[in-house]
Every structure is written in C-alpha cells, then in structure tokens.
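Structural overview
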Amino acid sequence: MALNAILSFNVTDLFLRYVEIDTQSDPESDSFPSTAKQKNLGNLLVKELLAIGVADAHIDEYGYVYATIPANTNKANVPVICFCSHMDTSPDCSGENVKPIIHKNYQGQDLILPDDATQILKLNEHPDLKNQIGNDIITASGTTLLGADNKAGVAEIMDACYHLINHPEIKHGDIRILFTPDEEIGRGVDKVDIKKLGAYAGYTIDGESAGNMENETFSADGAKLIIHGISSHPGFAKGKMESAIKIASEIVAALPLNLSPEGTSGMQGFVHPVGISGHVEEATIDFIVRDFEDGKLKEHERIIRGIADEVLKKYPNSSRTFEIKPQYRNMKEVLDKHPQIVEYGMEAIKRTGLQAKLCSIRGGTDGSRLSFMGLPCPNIFAGEHAFHGKQEWVSVQDMQKAVETILHLCMIWEEKA
Ligand SMILES: [Zn+2]
C-alpha cells in the first residue's frame, strides 16, 4: 500500500508523528550530524515525500534532506524559492519519548502536564496564550520538550508540499525543500550545498507568534580573553603571586549590567561570559558578543578589553590576550538588497487574514548564515512557543496558518514574476 494511503498528511498528524522521533543534537559530538538519530526523522521525511510524489527527495551523508516540487507555471522567469526547517531539538531539555497532548478548545485555564504535575502552563506566564482562546493547544506531557521548535516548521512545509502536489491549479515556480540537522548547536548550515539548492530566496519556518516575520538577527562574535598571571608557591607568594583566577574574577565582576543579557532587551546588544576556566598561572574567559550592528560589536569588544586592562593595572607582571571569532551576521544587511523577499513574505501572511508584523530576533537562525552564503533567508512564524523547555507549546490553528502562508508565498512569487 502506498504510504500516503496509510498516513495522514494534515499538519497536526504530521507534527504528532515527528515529535515522537527523538532528534536531539549534541554539542559535544564531533560527528555530522552530531547524533545519528536525527537521520531517523530525515529518512521518514524522504519516504513520505517520495510517497506523495516528490520524486527527487533524498537525504545526504550529513543528514540534510533535499527535495523539489517542480514548477507547474508557463512563466519561465519565476525564481526558485526554498523553504527550510531544522529537524533537531535543543540539547537543553530531553527529547526522548515525547508524548504530545492536544488540549482542545482552550479557554484560558491552567494546562497541567500529566507526567509532572508541577509543570503547569499558566496564562499569566505565557501571555501569548491569550490569543489562543478556542484553539487546540499541543504540549508535551511534562518530562520532555515538545519539539515544536522546529518540527512545527517541518510539518507545515510537508503539509504545504502535499497540498501543492494535490492542487495543480496553484501555479508556482520550482519549490525547493531543505531540512537541516544540528541547528540548535549552531552547525545547521555547515554542510549545506547551496549550489545544489540553486534557490534565489529562502524562508526558514522557525518563528514564534502567528503573523510574525523576522528580517533581523543579531550579529554575533565569540571572544576569548586569556589572562597570563604569575604563579608561585603559595607559602612564599607574598608580593609575587598574581593569580589569573582572581584577575579573571575581577574582570567578570566589573562587566556592566547594562551590557549584559539580564540587563538588556529589544535592540540592545550585550557581552556575556559563557565559560571561565583556569588556574593561578592562566585563566580563560569565553564570551559571546551580540548586537544588531556590526560596528557596535566592535565597541562591545573594546569595552571588554578596556575592563581587562583597567583591572590589570593592579597586576604589573600579568598580561592578557584577546581573540575574536566571528560567528554570524545580521541578515538584514543582505535582505535589504532584495526587498521583495520580505515584502512577499509580509503579503503572504496578510493573505491568510493575519496581521503581519516585522520583527527582529535576539539570536541567530539558519537563515542568518544562509543569507551570507548567498541565499537571502528571513524567518517566518511556525507557531512554536516557550521552546527548549518542558512547557513548550504550539496551537493547531497557528500551524494551519503557517501552511497557508507557505502556499500564498509560492503563488505570490509566480504571480509577480
Ligand atoms: Zn528553531
């Protein structure tokens, strides 16, 4: 029997099927993908795509799934558009034995997760729930994350594929599908084959609230500050020892609150020590540095160096080195050169009846790196909320709106060509 005869292809059933497959990625792993189990979902997606008639669907050695819905329009100049979601879930919370629960016709009540009664979704702690009255909310059961980040996006793209295949009256150009592994550990596009994709524009379907589209991400650097202190026998250290551990601690303590993650929001950037290690002679502080403007990244890095040098004045025989490693850049710089990519995205959202809202994201997406690799790629809502934790949720109705948005985008690119 054909797979499409036995498996249901509406977005909810797809989603429920995918979240039960554990695809947690692992930052400690050197392999690619970081965990082999991510391919279990990749293989299922390929099988399903082939079953519905997407003939070129395949998974490569790194776990990327590629597929194409061939153009059905007479117009020759419709750009190739790519839709992208990631298959892995966050290492921050277990993704094993996810038991999704549908809370039908939500009326604002507390949602108590049955496998751990201390996990309760309250309206005042999840303010976006106020827009979900009457909707069907999907959560996990209390001991795991749900995996809506980003299996909601995967399911939405799959439902849209199925719809396109079954509705040839919807005219579109070549539609490329990309499912990536290891996004949550920052390696989501390391092995992607941009040439093979051959797309003019991409959309990641990995955003939060229905109607939102993100055209800005942080620009991001990693920085490593190494303190070289002076070690000596502690019994005979008077006037000699300059402990790198203590110097590093003073530097961390001197970081300003108004430049920290816990003291900033909106469009403000920050510097954030994410690791500290060392001994008397040498200590290392690892930082992440974030801002929406590249120029401000440099300023923040100067501030770290300035604080270090100020502290070091008290330690004349110690020194420091400071290394910066660029991580990703604000995709707006690329998207501004191709304004119709965001315009069409906003138009597609409006056509679903939602209010379209352009936002920035205090983080990075696969799209921020794809944009600089030659595939301009804003981020569209998938409906995922409270991700990376046990209270993660998504609503059926938001997922359906995301499917509609994808379909409208396919039509708009054809229509405007
Ligand atoms: Zn995500």
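About the thresholds
Residues numbered from 1 in each chain as written. Predicted model: local features only at pLDDT ≥ 70, side-chain atom pairs only at ≥ 80, totals over all residues. Heavy atoms only, no water. Donors = N, O, S within 2.8 Å, 3.2 Å for Na, K, Ca; no water. Tetrahedral: all angles 85-135°; square planar, octahedral: opposite > 155°, others 65-115°. Helix = DSSP H or I, 4+ residues; strand = E, 2+ residues; numbered from the N terminus. Buried < 20%, exposed > 50% of the residue type's maximum accessible area, 1.4 Å probe, protein only. 1 Å grid on protein atoms, 1.4 Å probe; cavity = no way out; pocket = protein on both sides within 12 Å on 5 of 7 lines; lining within 4 Å. Points joined across faces, edges and corners; volume = space filled by probe spheres on them. Nonpolar A, V, L, I, M, F, W, Y, C, P; charged D, E, K, R; others polar. Expected span 1.5 Å × (residues − 1). Axes fitted to C-alpha atoms, helices over the stretch in contact; angles between N-to-C directions. Parallel < 35°, antiparallel > 145°, perpendicular 65-115°, else oblique. Contact = heavy atoms within 4.5 Å. pLDDT = per-residue confidence, 0-100. Pairing = 2+ DSSP bridges. Salt bridge = Lys/Arg side-chain N within 4 Å of Asp/Glu carboxyl O.

For the zinc ion, every protein donor is listed as His 86 (NE2), Asp 149 (OD), Asp 206 (OD) and Asp 206 (OD), and the spread of their distances is 2.0 to 2.6 Å. Considering all four donor atoms around the zinc ion, the spread of angles at the metal, 52 to 138°, places the coordination shape in the irregular class. Counting residues between consecutive donors of the zinc ion along the chain gives the motif H-x62-D-x56-D. Of the two residues, Asp 149 is situated in helix α4 (residues 148–166) and Asp 206 in strand β9 (residues 201–207); the sequence distance between them amounts to 57 residues. Overall, Asp 149 belongs to the buried group, its relative accessible area being 6%. Under the relative-accessibility criterion, Asp 206 is labelled buried at 14%.

Going through the model one piece at a time under the given rule, you end up with one cavity of 30 Å³ or more. One number sums up the size of the largest cavity: a volume of about 40 Å³. Considering the residues around the largest cavity, the lining is formed by Cys 84, Ser 85, His 86, Asn 150, Thr 204, Ile 205, Asp 206, Thr 365 and Asp 366. Residue composition of the lining of the largest cavity, grouped by class: two nonpolar, five polar and two charged.

Attention shifts here to helix α3 (residues 38–51). Because an α-helix packs 3.6 residues into every turn, residues spaced three or four apart end up facing the same way. The end-to-end C-alpha distance of α3 is 20 Å, a good match for the 20 Å that 14 residues give at a rise of 1.5 Å each. Considered for burial, the residues of α3 that qualify are Gln 38, Leu 41, Gly 42, Leu 44, Leu 45, Val 46, Glu 48 and Leu 49. Following α3 by one or two positions, Gly 53 has its phi on the positive side, about 105°.

Attention now moves to the packing of helix α2 (residues 11–19) against helix α11 (residues 396–416). At a minimum axis distance of 9 Å, the contact between α2 and α11 shows a crossing angle of 110°. On the basis of their axis angle, the class for α2 and α11 is roughly perpendicular. For the pair α2 and α11, the contacting residues are Val 11, Thr 12 and Phe 15 in the first and Val 396, Met 399, Gln 400 and Val 403 in the second. Within the contact of α2 with α11, the residues separate by chemical class into five nonpolar, two polar and no charged.

Interpretation of the predicted coordinates at a detailed level should be avoided for regions scoring low in pLDDT. Looking at the protein chain, pLDDT values average 95 and 98% of them are 70 or higher. This stretch, residues 1–6, has a pLDDT under 50; its non-local contacts, to residues over four places away or in other chains, come to seven contacts.

Attention now goes to the pairing of strand β2 (residues 65–69). Regular strands place side chains that alternate from one sheet face to the opposite one. Judged by how many residues are buried, β2 sits mostly within the fold: five of five residues are covered. Burial along β2 is two-sided: Val 65, Ala 67 and Ile 69 facing one way and Tyr 66 and Thr 68 facing the other are all buried. By the bridge criterion, two bridges tie strand β1 (residues 58–59) to β2 in an arrangement that is antiparallel. Across the sheet, His 58 pairs through a bridge with Tyr 66, a residue of β2. Hairpin connection, β1 to β2: the antiparallel pair is bridged by five residues, and Gly 63 has positive phi, about 100°.

A separate point is the sheet that holds strand β16 (residues 379–381). In a beta sheet, neighbouring strands pair by backbone hydrogen bonds and run either parallel or antiparallel. With mixed pairing, the eight strands of this open sheet are ordered in space as β1-β2-β8-β3-β9-β16-β10-β15. Only two strands of the sheet have a single partner each, and these edge strands are β1 and β15 (357–361). Contacting β9, β10 (212–217), β15 and β16, helix α9 (residues 339–351) crosses the sheet at an angle of about 160° to β10. Contacts between α11 and the sheet are confined to β3 (81–86), β8 (175–180), β9 and β16, with β16 contributing the most and set at about 135° to the helix.

Throughout the structure, instances matching the rule amount to 17 salt bridges. Residue Glu 293 pairs with Lys 296 through a salt bridge whose shortest N-O separation is 3.8 Å. Its salt-bridge partner being Lys 332, residue Asp 336 comes within 3.0 Å of it at the nearest N-O pair.

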